[in-house]
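Descriptive analysis of the structure
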Amino acid sequence: MGFKTDWSKYAAHSMIMKPKAPQYGNTQLGIAMTKALATLDDREKAGKIKPANANAYKGKIDSLKPLIGVDEDSGLLQVAQIIGSINRAL
């Protein structure tokens, strides 16, 4: 028999800094990249994708930053493909 403690109430006093979610902006590509990261985080927390694979997908998503505001159409296509591959990942 164990006790479950809600450690989130101690987060403000923790010395370990949690990384913030990256902000990609309010363009269509930025919103799609944020959605892709949210989908990836949900699947990783559910245990449906391995952390190593999740880091690879995060790298792919982050590599699209230079396309924000420049070449949105090709970036949107790439993000859609990344989201599709995240959803198919086992």
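Below or above, wherever it landed, is the structure these notes cover. This one's a predicted model, so the numbers in the text were calculated from it and none came from an experiment. Residue positions are counted from 1 within each chain, in the order its sequence is given. Under the rules for a predicted model, residues below a pLDDT of 70 receive no local features and side-chain atom pairs below 80 are neither given nor counted, while totals for whole chains, interfaces and linings still include all residues. Side-chain numbers come from the whole structure's heavy atoms, not from hydrogens or water.

Describing helix 2 (residues 51-62)
- Its 12 residues place the ends of helix 2 16 Å apart at the C-alpha level, agreeing with the 16 Å of an ideal helix rising 1.5 Å per residue.
- Of the residues making up helix 2, those classed as buried are A54, Y57 and I61. Around the axis of helix 2, the buried residues are gathered within 65 degrees of arc, so they sit on the same side.
- Buried residues along helix 2 sit against helix 1 (28-45) and helix 3 (72-88). Working definition: helices are DSSP H or I runs of at least four residues, strands are E runs of at least two. Numbering for both runs from the N terminus. For a helix, the expected span equals 1.5 Å multiplied by the residue count minus one. Relative accessibility under 20% of the residue-type maximum defines a buried residue, over 50% an exposed one, and the middle range a partly exposed one, all with a 1.4 Å probe and only protein chains included. Taken from the helix axis, the directions to the C-beta atoms give the arc we talk about. Residue contacts are defined here by distance: any two heavy atoms, one from each residue, within 4.5 Å place the two residues in contact.

Topic: helix 3
- Compared with the 24 Å implied by 1.5 Å per residue over 17 residues, the 24 Å span of helix 3 between its first and last C-alpha is a close match.
- Buried within helix 3 we find E72, G75, V79, I82, I83, G84, S85 and I86.
- Each element contacted by the buried residues of helix 3 is listed here: helix 1 and helix 2.

Structural notes on the side chain of R43
- One can find R43 in helix 1.
- Note on charges: Lys and Arg go in the positive column, Asp and Glu in the negative column, and His and the chain ends are not counted at all. A side-chain nitrogen of Lys or Arg and a carboxyl oxygen of Asp or Glu constitute a salt bridge if their distance falls within 4 Å. Despite being buried, R43 has no salt bridge partner; D42 is the closest side chain of opposite charge, sitting 9.2 Å away.
- A distance of 3.3 Å separates a polar atom in the side chain of R43 from the backbone oxygen of I86.
- Discounting chain neighbours no more than four positions away, the residues touching R43 are K48, I49, I86, N87 and A89. Within 3.5 Å is the distance limit for a polar contact, defined as a pair of N or O atoms, with the added protein rule that one can donate a hydrogen and the other accept it, and that residues adjacent in sequence qualify only through two side-chain atoms.

So, to be careful, I would describe these as geometric facts and stop short of saying anything about function.
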